[in-house]
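Spelled out from the first residue to the last, the chains are:
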Amino acid sequence: MMDQHLLYEKLESKFADSIFPLKTLSKTSDTTIEVSVEKVLAILKFLKENSDLHFDHLVCMSGIDKKDHLEVVYHLFSYQHNHQVIIKVNLQDKNNPKLDSVCDLWKNANGLEREIYDFFGIQFKNHPDLRRMFLPPDFVGHPLRKDWSPS
Amino acid sequence: MNEIQIGPYHPHLPGLFHLSIKMEGEICKKISPTLGFQHRSFEKIAEQLPYPSILPYIDRLDYLSSMNNELPYVMAVEKLLDLQIPKRAEYIRVIMVELNRIASHLFFISYLSKVLGSHIPEQIALNDRETILDIFEMACGSRLLYNALWIGGVWKDLTPGIEEKIRDFCPALSTRMDDFDTLLTHNPVFIDRTAHIGVLNLETTLSYGITGPNLRASGKNWDLRKNMPYSIYPELDFSIPLGTNEVGSIGDSWNRYHVRVQEIQESLKMIQQCLEKIPEGPFYQKIDSIKPPSGEIFLKTENPRGELGFYVVSDGTTKPYRLKVMPPSLSAINCFPSLCQDVSLSDVFTIIASLDINMSEVDR
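Remember, predicted model here, so these are calculated numbers, not experimental data.

## Here we look at the pairing of strand β3 (residues 57–65) of chain A
Along a regular strand, successive side chains alternate from one face of the sheet to the other.
All names here are of chain A.
Then, number 1: The buried count for β3 comes to nine of nine residues, which makes it a mostly enclosed element.
Then, number 2: Sheet topology places β3 next to strand β4 (residues 70–78); eight bridges connect them, and they run antiparallel. Note on β4: the bridge partner recorded for Asp65 is Leu70.
Then, number 3: Remark: four residues form the turn of the hairpin made by β3 and β4, two consecutive strands paired antiparallel; Lys67 in that turn has positive phi of roughly 65 degrees.

## Observations regarding the sheet that holds strand β9 (residues 343–344) of chain B
All names here are of chain B.
Then, number 1: Within the open sheet, the four strands sit side by side as β1-β2-β3-β9. Their pairing is antiparallel. The two strands at the open ends of the sheet, each matched to only one other strand, are β1 (2–6) and β9.
Then, number 2: Pairing between strand β3 (residues 27–34) and β9: two bridges, direction antiparallel. The residue of β9 that forms the bridge with Cys28 is Val343.

## What about the interface of chain A and chain B?
Then, number 1: With 42 residues of chain A at the contact, the number on the chain B side is 38 residues.
Then, number 2: Between chain A and chain B, roughly 3,400 Å² of surface is buried when both sides are summed, and carbon and sulfur atoms account for 57% of that area.
Then, number 3: One can count four salt bridges joining chain A with chain B.
Then, number 4: The residue Lys88 of chain A makes a salt bridge to Glu296 of chain B at a minimum N-O spacing of 2.6 Å.
Then, number 5: Remark: the boundary between chain A and chain B carries 15 residue pairs in polar contact (both at pLDDT 80 or more).
Then, number 6: Contributions of two or more residues to the side of chain A that touches chain B are made by β3, β4, β5 (83–91) and α3 (109–120) of chain A.
Then, number 7: Per element, the largest residue contribution to the side of chain A that touches chain B is eight residues, and it comes from β3 of chain A.
Then, number 8: Residue composition of the side of chain A that touches chain B, by class: 19 nonpolar, twelve polar and eleven charged.

## Some details on the packing of aromatic side chains
Then, number 1: Taken as a whole, this structure holds 13 aromatic pairs over all chains when the rule is applied.
Then, number 2: With centroids separated by 6.0 Å and ring planes inclined at 20 degrees, the aromatic side chains of Phe119 of chain A and Phe134 of chain A adopt a geometry described as stacked. Residue Phe119 of chain A is located in helix α3, and its partner Phe134 of chain A is located in the segment after β7 (123–125); the two are separated by 15 residues in the primary sequence. Note on accessibility: Phe119 of chain A and Phe134 of chain A belong to one class, buried.
Then, number 3: Centroid distance Trp150 of chain B to Trp155 of chain B: 6.5 Å. Interplanar angle 35 degrees. Geometry classified as tilted.
Then, number 4: Judged by its relative accessible area of 28%, Trp150 of chain B falls in the partly exposed class.
Then, number 5: An aromatic cluster is built from Phe77 and Tyr79 of chain A together with Trp222 of chain B, whose rings are joined through pairwise contacts.

Each value, and the rule that gives it
Residues numbered from 1 in each chain as written. Chains lettered and ligands numbered in written order. Predicted model: local features only at pLDDT ≥ 70, side-chain atom pairs only at ≥ 80, totals over all residues. Heavy atoms only, no water. Buried < 20%, exposed > 50% of the residue type's maximum accessible area, 1.4 Å probe, protein only. Helix = DSSP H or I, 4+ residues; strand = E, 2+ residues; numbered from the N terminus. Pairing = 2+ DSSP bridges. Contact = heavy atoms within 4.5 Å. Buried area = accessible area lost by both parts, 1.4 Å probe. Salt bridge = Lys/Arg side-chain N within 4 Å of Asp/Glu carboxyl O. Polar contact = N/O pair within 3.5 Å; in protein donor to acceptor, adjacent residues only side chain to side chain. Nonpolar A, V, L, I, M, F, W, Y, C, P; charged D, E, K, R; others polar. Phe/Tyr/Trp six-rings, centres within 6.5 Å; stacked < 30°, edge-to-face > 60°.

Fair warning: the whole summary comes from geometry, so function is off the table for now.
And the structure:
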């Protein structure tokens, strides 16, 4: 089991330029690691396949609209080592946000990415079947964005 | 190849969803589910309400286990607030949560037997569930959607007379579960229709992120109440049933049913222990204004269907900036089309029923 600082050091030693510092917003908040968009797939692949880390469970994948940019948050867990990590990616281009798909790593990412596309409009490259999940196919707009209104 | 359409309304589906099945004779070749019929934009609504007001919506996520839904949410907000709640409140929460788990599993048994065409166990299970719903009505006035676990404790103390009612109920149900053994568990027809059907091997289960009884039926010894304990679970003595090769194979529908039946017995043990150990004291820690500091938290607890997770992002105001729910049934329904490859149509319904999906929490 590794604590957040050791995990961070392991990531930084391999992907130095693409990892931003550890962030904890308050005493009770979770600690997150932000990574750059270009290296997301490589970093998540490393987290899954490295035997000391072995994050075999994608617990949750969410999108957040932070007004000037979009964020995608990956919550990962390892059954073998009983540790977890939270990876965040910032997408600056709100008009055409694109991110690599992780469907090959975890099969549940298929449905989770479709949900994020449905509600936020983030395109996932190399996704086998990117279409809306919960809203009708002819729905216009991406409702969970902060600037969306029902009218 | 024919293509048949099932749903969204169908008495044997666990909620509203549409299935488009490509068939060759009786064998299903490809299933494409369409979701979203029960989508009620819960996550968007949650961004516009103060933290305590969201609780009634959370009840309605998975209406069969409302107490279990409320628990991770109130625990997540309490953790962000760094709030300690009274010990008596923790015990009352666990009693309610475990009773709800039994009610949900009894509903699962009745639904599975209905799908297989066996109506007597269906009615017996629903009848036993009625006693639990009466207990909940005594506790908080409502049979199905409670709003009873509040941020800071529980809404009200145990009603006078309820402890006696629970004490009478637990051994009665424990003996009754033997009837289900005769009617279903060791019934040759039931075994024929569920053993070796819809086998989920461990690798697929982990890859799809399936948790809860479905994961334990596939052989993995993992239960959040034991492996990452929360509340007062460390003080309770219980065991974790797993899937076995006793009848059928590990990860088949029979094991998914059998794990839940055994979990009912374990929950009954836990409730009796809680009633013996519950301390006197306050049941609620009042907070004037619930304004967690800026930050985020992801907290999951063990629900009857799997691990329900809440991702709460706070911006320091009285309303959450983002509230995301990670429902356990979503992983199960994502996995379901791959389980139904080259399976006969009657087995498709057995597989859906054995996965214990609730569309209300999938669609939110």
